[in-house]
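Inside the fold
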Amino acid sequence: MEIDMQHISKAFGPNVVLKDVNFSVKGGEVHALMGENGAGKSTMMNILTGLLEPNGGSIKVDGKETHFASALEAEQHGISFIHQEMNNFGEMPILDNMFLNKEIKTRFGFIDNVKMKAIAQESLAKLDVKLDLNQPIGNLSVGQQQMIEIAKSLMTDAKIIIMDEPTAALTENEIGKLFDVIKSLKAQGVGIIYISHRMEELFEISDRVTVMRDGLTINTYNTKETNVKQIVHDMVGRDMGDFYPDRHPKFGKVMLETNKLTREGVFKDISFSVRSGEILAFSGLMGAGRTEVMRAIFGIDKLDSGTITVNGKQVKISNPSDAIKDNIGFLTEDRKSEGLILDDSIADNIDLPSIEGFVKHGMIDRKADRDFVNLLMKRLTVKANSAEDEAGSLSGGNQQKVVLAKWVGSGSQVLILDEPTRGVDVGAKREIYDLMNELTDRGTAIIMVSSDLDEVLGFSDNIAVLYEGKLMGVVPTATATQESVMTLATGGEN
Amino acid sequence: MDNQTETKRHFSFGDFYSKLGPLVALIVLIVLVSILNFSFLDPLNLLNLLRQVSINALIAFGMEFVILTGGIDLSVGSILALSGAFTAQLVLMGVPSFIAFLIGMVTGGIFGALNGVLIAYGKAAPFIATLATQTIFRGATYVFTKGNPITGAKMSNNFGFQFFGQGYLFGIPFPVYIMVLFYILAFILLHRTTFGRKTYALGGNPRAAFVAGVKNNKMIIWIYTLAGFLSAVAGMILTSRLASAQPDAGVAYEMDAIAAVVLGGTSLAGGKGKMFGTLIGALIIGVLNNGMNLLGISSFYQQIVKGIVILVAVLLDRKQAKA
């Protein structure tokens, strides 16, 4: 089978995701698809498998213009999609999950478990997986579930298999098995579209590689004729405007220092420090463990080992309340679920971490509290009719300012900002950067976790790069390039 | 009423109900009952009504905190019975009434704390956890009382013991003072202290509250402790008034308390509600009970009417949540 996608375009409302993308794959080859988060890889694959409707372009299967109306139809034509995020029903047995909506029935209309089990086991045997198929799938590790997902696609008579980050959760051993299977599928004439962030895999397994960026195909190479440097350059090579305010940092003493922070299976031996007046950016790909490290520092998740020193004093942080007492603030990645109480007023959100400071004779001093809130709202230019408005009624940018006001107000000397400008419009973005400048001028140490590489390079002093739970290095922003950061973030040598 | 509210700006009825509705409903109800039976307004009847209300109101004040966190406490009636039985036994053993009452209230708090621990650290759903403890505490009451009322001369001839539930001060039943005292305390705790603010935060978004430094588990334990404590205070009044501890005292009292909270405009989803509303809610139920008795409505029909009133309040709450 041969698939040829030409000039594919796609927009969600005013948001153009794919501008003009060409991609093809034929039986017997592994074609890798590379690109940063948001480059449009998943959208492309969703269009191919009928989950999304393209706005323009053509899809040819064996030279014939084709259009799949649904994922099921694509599957019936021999295109199988192994999703990165698995949609399993944890309480249901493995077998039932594997045959969900595709149950085989006996002639009396009952489910034919014997036959289903035989088919499933044959497919799992190819991957060297031996499991009791009657146990709930939720018992399995993410890696094992991923193997089940792969086995599911082998059960179908797939001619083309799309694998989206198939190895993200697998062990070395499992990856080896998977690669053996891929090789044997290749030999049988099956075509594979392989999406991965891992450079080394790409060179081990793929025949061709296509790099996407910002909804465009940048280049397609024969894997043998290219190298890591070329691909990284293609992935990130865009110009940066002067969108970011200048940094004129004056570093003071070390405000926060971590020593070998470890949370088993999530991150390991994370040691870094951030000084007064510094913006330390944390970069890395999705799932590298950036947010997880911050959550552990702030006491939301437990650390297995390691120590944290704040302002020269070793501290024990077992919950956010401890962290706040040590003058740490944490703007979480997910504003709606962890940053704000949407039904509560702006004022009640802003003063929550500082509320103990307004107690007079056992009661809250309402006037002092409201003065404090109004001052912060003015300072952070929160646009609202009154401090009593519900936080949920504000725009994304203003909501983010409310969360910032909360942590500025609590007197944070170390401020952890996890994706501070995500989902925020351009104007508010600039205001947030200006505020960060103002805070560091006053001596606050800021840790900024960001998936936006432009932002990391455009508005930080040093960059810490994580890859699979390990700190690959801390580089000064002045000498860092998109390529050097990306190389670290994909596990390459610098 | 509808026309006035609907025409003003964006005033939805649900919105209106949550702010002033309970009070308006109470006034309408009082006017209605007074017209139908004039003896309702007899001061003696009103004082009697307030005394009847005091028990449910005390439980409802605690329930208000619990429901604000998005939880529920079904064990309040059983805690009332068990702590009442303890106190009665202590009085029979010769312990001074005042001390016996204090011990009873503290044990109620301890039972409540147990609920809190199950919910906070056991991660048990409040409904199930307190359903289980409701049965356990009730069973313990039966075991403790051997199924018979605890009573004796030391209770029935004991002025100090009886004054708590039966006494009058300046012509007003003593339980009414207790209700007012605890209303003021609960009001201050909820609306004027950080404890109250954290209660709202916990109910509004527990994860955001935690990140903002609220110790969720600790708060939950304290809130259920408070609910248990206030149930026990109500238990003291009931035991004193009857001059005996009944093994089946307080059965289904959780329903009236929950109804008072909901009628008072507090959202069962948590995070929204006022102590004043709960006081009004308790009064609505009191007037409803008292009024229907005066009107000679059979107790079978009374149940249906009360159910319908609660249902209407819940539907209004849903409407408000959607708007």
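Residues numbered from 1 in each chain as written. Chains lettered and ligands numbered in written order. Predicted model: local features only at pLDDT ≥ 70, side-chain atom pairs only at ≥ 80, totals over all residues.

Recorded in UniProt under Subcellular location (unreviewed entry), the annotation for chain B is "Cell membrane". (UniProt positions renumbered as here; feature names shortened; annotations may be inferred.)

As recorded in an unreviewed UniProt entry, chain A goes by ATP-binding cassette domain-containing protein and comes from Furfurilactobacillus milii. In its Subcellular location (unreviewed entry) section, the UniProt record describing chain A reads: "Cell membrane".

Residue and element names in this part refer to chain A. Taken together, four strands build an open sheet; the order of strands is β12-β11-β14-β15 and the sheet is antiparallel. The strands lining the two open edges of the sheet, one partner per strand, are β12 (267-275) and β15 (313-315). The average undirected angle you get between the axes of adjacent strands in this sheet is 20°. Two elements, strand β11 (residues 254-263) and β12, share six bridges in a ladder whose sense is antiparallel. Of the residues in β12, the one forming a bridge with Leu261 is Ile270. Its contacts with the sheet put helix α9 (residues 290-297) on β11, β12 and β14 (305-310), and the angle it makes with β11 is roughly 110°. (Pairing = 2+ DSSP bridges. Helix = DSSP H or I, 4+ residues; strand = E, 2+ residues; numbered from the N terminus. Axes fitted to C-alpha atoms, helices over the stretch in contact; angles between N-to-C directions. Contact = placed C-beta atoms within 7 Å.)

Looking now at the interface of chain A and chain B. You'll often see interface size given as the accessible area lost when the parts meet. Counting from both sides, the interface comprises 25 residues of chain A and, opposite them, 19 residues of chain B. For the side of chain A that touches chain B, the secondary structure elements donating two or more residues are α10 (320-325), α11 (335-339) and β18 (363-364) of chain A. Split into classes, the residues belonging to the side of chain A that touches chain B amount to 13 nonpolar, six polar and six charged. (Nonpolar A, V, L, I, M, F, W, Y, C, P; charged D, E, K, R; others polar.)

Each strand in a sheet pairs with its neighbour through backbone hydrogen bonds, running either in the same direction (parallel) or in the opposite one (antiparallel). Residue and element names in this part refer to chain A. Taken in spatial order, the six strands line up as β16-β19-β20-β13-β21-β22 in an open sheet, and their pairing is mixed. Each edge of the open sheet is held by one strand with a lone partner, namely β16 (328-331) and β22 (470-476). Across this sheet, the average inter-strand angle for adjacent strands is 15°, counted without regard to direction. Bridging between strand β13 (residues 279-283) and strand β20 (residues 445-449) involves four bridges; their strand directions are parallel. Paired with Ala281 across the two strands is Met448, which belongs to β20. Strands in contact with helix α17 (residues 482-489) are β13, β21 (462-467) and β22; relative to β21, the strand with the most contacts, it is inclined by about 30°.

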